[in-house]
Amino acid sequence: MDLRLSALNYVTSIKNGDFTVEEFIEKTLERIKDVDEKVHAFLQVSDTALENANKIDRRIKSNDKIGKFYGMPISVKDNMCVEGTITTCASKVLENFIAPYTGTAVSRLEFDDAIIIGKTNLDEFAMGLSTEFSAYGPSRNPWNTDFVPGGSSGGSAVSVSANECIASLGSDTGGSIRNPASFCSVVGLKPTYGLVSRYGLISYANSIEQIGPMTRTVEDSAFLLNSISGVDSNDNTTVEKSHHDYLQNIDAGISGKTIGIVSEMTNSDGVSTEVMNATNNSIKTFEKLGANCEEMSLGSVPYAVAAYYTITSTEAGSNLARYDNIRYGYDFDSEGFEFNSYISKARKKLGPEVTRRMILGGFVPSAGYAGKYFLKALKVKSKLTAEINNAFKKFDFLISPTVPIQPFKFGEKIEDPVSFMLIDFNTVTANLTGKPAISVPYENSNGLPIGIQIMANSFEENKLFQAAYALEKTVDLPEVPL
Ligand code: GLN
């Protein structure tokens, strides 16, 4: 039995009776035991997975109708609520928080008979890009454990890459699915804003974030999106999906399609030589596949990171105000009760990065400063959206490296917060404009992965998958060494 199976191959094997769900889950749990001390992908591992597997096996035996995932183990980033389980957001403030309900994306996976195998590590409240800001210690890159796995959905990417599960759900506010997907050599999709319900996702910057799949293959990404997407009465920003089967015609190819190479994201000083080379190779590949590639410009991209951090900190400032030791982070001590010190008791449980964002988030939209910072950031967002909408009149896809650099060593980048934030240079545009974007594993240089980002127009995930699938089929990447 091979734990490296894709989701689609897993389903075929179960249907063929090659092994039972219970056998697969048992082996998965053993694998987690073996490798997770090295990579720390999980904050908690399910203690009901085997029991659930057994139930599905019995249903298979009695020819009941089984959901499309057939008991496959899927992990979930620990900022999504799963009823009855501790949901920490990798923060001490939610150390004891037991989710009272299950969020929509997760419950849709469960409805389709996935087994939620555990909750994965992240940067505290999804703020970061390396998992170094997790209050429970970082995750490690399975390609080389001296290096970060990316983030904030680092644990999710690691769990898939280190063969501790078949797929995972991450969340992406400014790159948190695509960045770790690129760093760990998995496929990561940030869907169009509104395609996947955020109900049960603990908010960081709710106006731009989305839940999305992290998988071994592009087909698996489409397979999971089929399950989790679509309108949800619990999230008013969701819309009815236009495609009911993203796997359909995934192999249509990209012959005759037009691809814009975003020059600001591809030819800037911040892009490393290895990443630049990989990107140039991918352009040649796209051309060989029959697409027409052309360099183009999105003029507001250089302002996107500043606008992104201004907007997201503002939203974080209000979203995280609820961690006040009354509603969450409860730690009641009535003796000598004094309101401010009582609230600050909860705030002191927040890590330095989250604290920095909250301070910034109180300042940038405040009276007297909003015009200079917050409103200006909103203008950048509108301008960038107009530019990208215009670009999609001409181009089917826009491409760039997912991240300008390869994985780096622990501690190597966090000392300088501004250059650290600039690592998000290529990913934040899709969030600010609501567009779908996917990272496809493309090369491996010096033993570390490089991903290519493809963006498409809103709700064109079906087209996006066709391009990603065509690219994926041209690569032959090594197996993870762990
Ligand atoms: N690095 C970005 C941030 O810290 C993106 C995080 C995310 O997408 N959740 O905000």
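Before any of the text, the structure's been laid out above.
These remarks concern the structure in this document.

We now examine the overall build of the chain. Within the chain one finds 16 helices and eleven strands. Relative to the compact-globule value of 23 Å for 482 residues, the chain shows a C-alpha radius of gyration of 21 Å, a close match. If one aligns the C-alpha atoms of the chain with their principal axes, the spans along those axes are about 65 × 55 × 45 Å. In the chain, which comprises 482 residues, the proportion classed as buried is 61%. Partitioning the intrachain contacts of the chain with sequence separation of at least 6 by distance along the chain shows that 75% fall at a separation of at least 24. Looking at the chain as shown, the accessible area adds up to about 18300 Å², and 49% of this sits on carbon and sulfur atoms. Between the centroid of the 45 positive side chains of the chain and the centroid of its 58 negative side chains there is a distance of 4 Å.

The next thing to look at is unusual backbone geometry. A cis geometry characterises the amide bond from Gly 151 onward to Ser 152, with omega recorded as 10°. Its place among the elements puts Ser 152 in the loop between strand 3 (115–120) and helix 5 (154–161). A positive phi angle, close to 55°, is found at Phe 125, a residue other than glycine. Of note, Phe 125 is situated in the loop between strand 3 and helix 5. With relative accessibility at 2%, the residue Phe 125 sits in the buried group. Although it is not a glycine, Asn 446 sits at a positive phi angle of roughly 55°. Mapped onto the secondary structure, Asn 446 falls in the loop between strand 10 (437–445) and strand 11 (448–455).

What follows covers helix 7 (residues 218–228). Since the α-helix advances by 3.6 residues per turn, residues separated by three or four positions end up pointing in the same direction. Across the eleven residues that make up helix 7, a large majority, ten, are buried. Among the residues making up helix 7, those that are buried are Val 218, Asp 220, Ser 221, Ala 222, Phe 223, Leu 224, Leu 225, Asn 226, Ser 227 and Ile 228. Where helix 7 begins, the side chain of Thr 217 points an oxygen toward the backbone nitrogen of Asp 220, at a separation of 3.0 Å.

Moving on: a negative patch on the surface. Taken together, the side chains of Glu 23, Glu 26, Glu 30, Asp 34 and Glu 37 define an acidic patch exposed on the protein surface. Along the polypeptide, Glu 23 turns up in helix 2 (residues 21–39). A residue is classified by how much of its surface remains accessible, and Glu 23, at 38% relative accessible area, is partly exposed.

Any two side chains of opposite charge can pair, so long as their charged atoms come close to each other. All chains considered together, the criterion is met by 15 salt bridges. Close ionic contact of Arg 4 with Glu 479 constitutes a salt bridge, the shortest N to O distance being 3.7 Å. Of the two residues, Arg 4 is situated in the segment before helix 1 (7–16) and Glu 479 in the segment after helix 16 (461–472); the sequence distance between them amounts to 475 residues. Given a relative accessible area of 39%, Arg 4 falls into the partly exposed group. Residue classification places Glu 479 among the exposed positions, given a relative accessible area of 53%. Connected via shared salt-bridge partners are Asp 2, Arg 4 and Glu 479.

Along the chain, Arg 31 falls in helix 2. Buried charge without a partner: Arg 31 forms no salt bridge, and the closest opposite charge is Asp 34, 6.0 Å away. Polar contacts involving the side chain of Arg 31 include one to the main-chain carbonyl oxygen of Ala 162, which spans 2.9 Å. Apart from the residues lying within four places of it in its own chain, the contact partners of Arg 31 are Leu 3, Asp 36, Ala 162, Asn 163, Glu 164 and Leu 482.

The next thing to look at is the site of the ligand. In the neighbourhood of the ligand, 15 residues make up the surrounding shell, with Gly 174, Ser 176, Tyr 204, Tyr 308 and Arg 357 lying closest. The contact in question runs from a nitrogen atom of the ligand to an N or O atom on the backbone of Ala 126, over 2.8 Å. Within the side chain of Tyr 308, one N or O atom sits 2.7 Å away from an oxygen atom of the ligand. Protein contact buries 100% of the 290 Å² of open area that the ligand shows by itself. Its atoms largely coinciding with the cavity grid, the ligand occupies the largest cavity. Split into classes, the residues belonging to the shell around the ligand amount to six nonpolar, six polar and three charged.

For the rest of this paragraph, the subject is the side chain of Lys 190. If you trace the backbone, Lys 190 turns up in strand 5 (residues 187–190). The side chain of Lys 190 is buried and forms no salt bridge, while Asp 172, the nearest opposite charge, is found at 6.4 Å. Among the polar contacts made by the side chain of Lys 190, one reaches the main-chain carbonyl oxygen of Ala 430 at a distance of 3.4 Å. Residues in contact with Lys 190, not counting those within four places in the same chain, are Asp 172, Arg 178, Gln 210, Ala 430, Asn 431, Gly 434, Lys 435, Pro 436 and Ala 437.

The next thing to look at is the nonpolar core. One finds Tyr 10 and Ile 454 to be the most contacted residues of the largest nonpolar core, which totals 85 residues. Per-element accounting of this core gives the leading share, seven residues, to helix 16. Of all hydrophobic cores here, the second largest spans 49 residues; its members include Ala 126, Val 354, Ala 377 and Ile 388.

Right, let's talk about empty space enclosed by the protein for a bit. Considering all chains together, one arrives at three cavities of 30 Å³ or more under this definition. Around the largest cavity, the lining comprises 14 residues; the ones closest to its centre are Gly 128, Ser 176, Tyr 308, Tyr 309 and Asp 424. Tallied by class, residues from the lining of the largest cavity come to six nonpolar, six polar and two charged. In this structure, the second largest cavity occupies an estimated 70 Å³ of space. Taken together, Gly 128, Leu 129, Phe 133, Tyr 309, Glu 353, Arg 356, Arg 357, Ile 414, Pro 417, Phe 420 and Met 421 make up the lining of the second largest cavity. Taken together, the elements giving at least two residues each to the lining of the second largest cavity come down to helix 12 (352–363) and helix 14 (417–421). In terms of residue class, the lining of the second largest cavity is built from seven nonpolar, one polar and three charged.

Parameters and conventions
Residues numbered from 1 in each chain as written. Predicted model: local features only at pLDDT ≥ 70, side-chain atom pairs only at ≥ 80, totals over all residues. Heavy atoms only, no water. Helix = DSSP H or I, 4+ residues; strand = E, 2+ residues; numbered from the N terminus. Rg over C-alpha atoms; globule rule 2.2 N^0.38 Å. Buried < 20%, exposed > 50% of the residue type's maximum accessible area, 1.4 Å probe, protein only. Contact = heavy atoms within 4.5 Å. Areas by Shrake-Rupley, 256 points an atom, 1.4 Å probe, with all protein chains shown as cover. Lys, Arg positive; Asp, Glu negative; His and termini not counted. Charge placed at Lys NZ, Arg CZ, Asp CG, Glu CD. Polar contact = N/O pair within 3.5 Å; in protein donor to acceptor, adjacent residues only side chain to side chain. Patch = residues over 30% accessible without salt bridge, like charges linked within 9 Å, V, L, I, M, F, W, Y side chains within 5 Å. Salt bridge = Lys/Arg side-chain N within 4 Å of Asp/Glu carboxyl O. Near = heavy atom within 4 Å. 1 Å grid on protein atoms, 1.4 Å probe; cavity = no way out; pocket = protein on both sides within 12 Å on 5 of 7 lines; lining within 4 Å. Sits in = over half its atoms within 2 Å of the grid points. Nonpolar A, V, L, I, M, F, W, Y, C, P; charged D, E, K, R; others polar. Core = buried A, V, L, I, M, F, W, Y, C linked by side-chain atoms within 4.5 Å. Points joined across faces, edges and corners; volume = space filled by probe spheres on them.

Any functional reading would require information beyond the geometric quantities listed.
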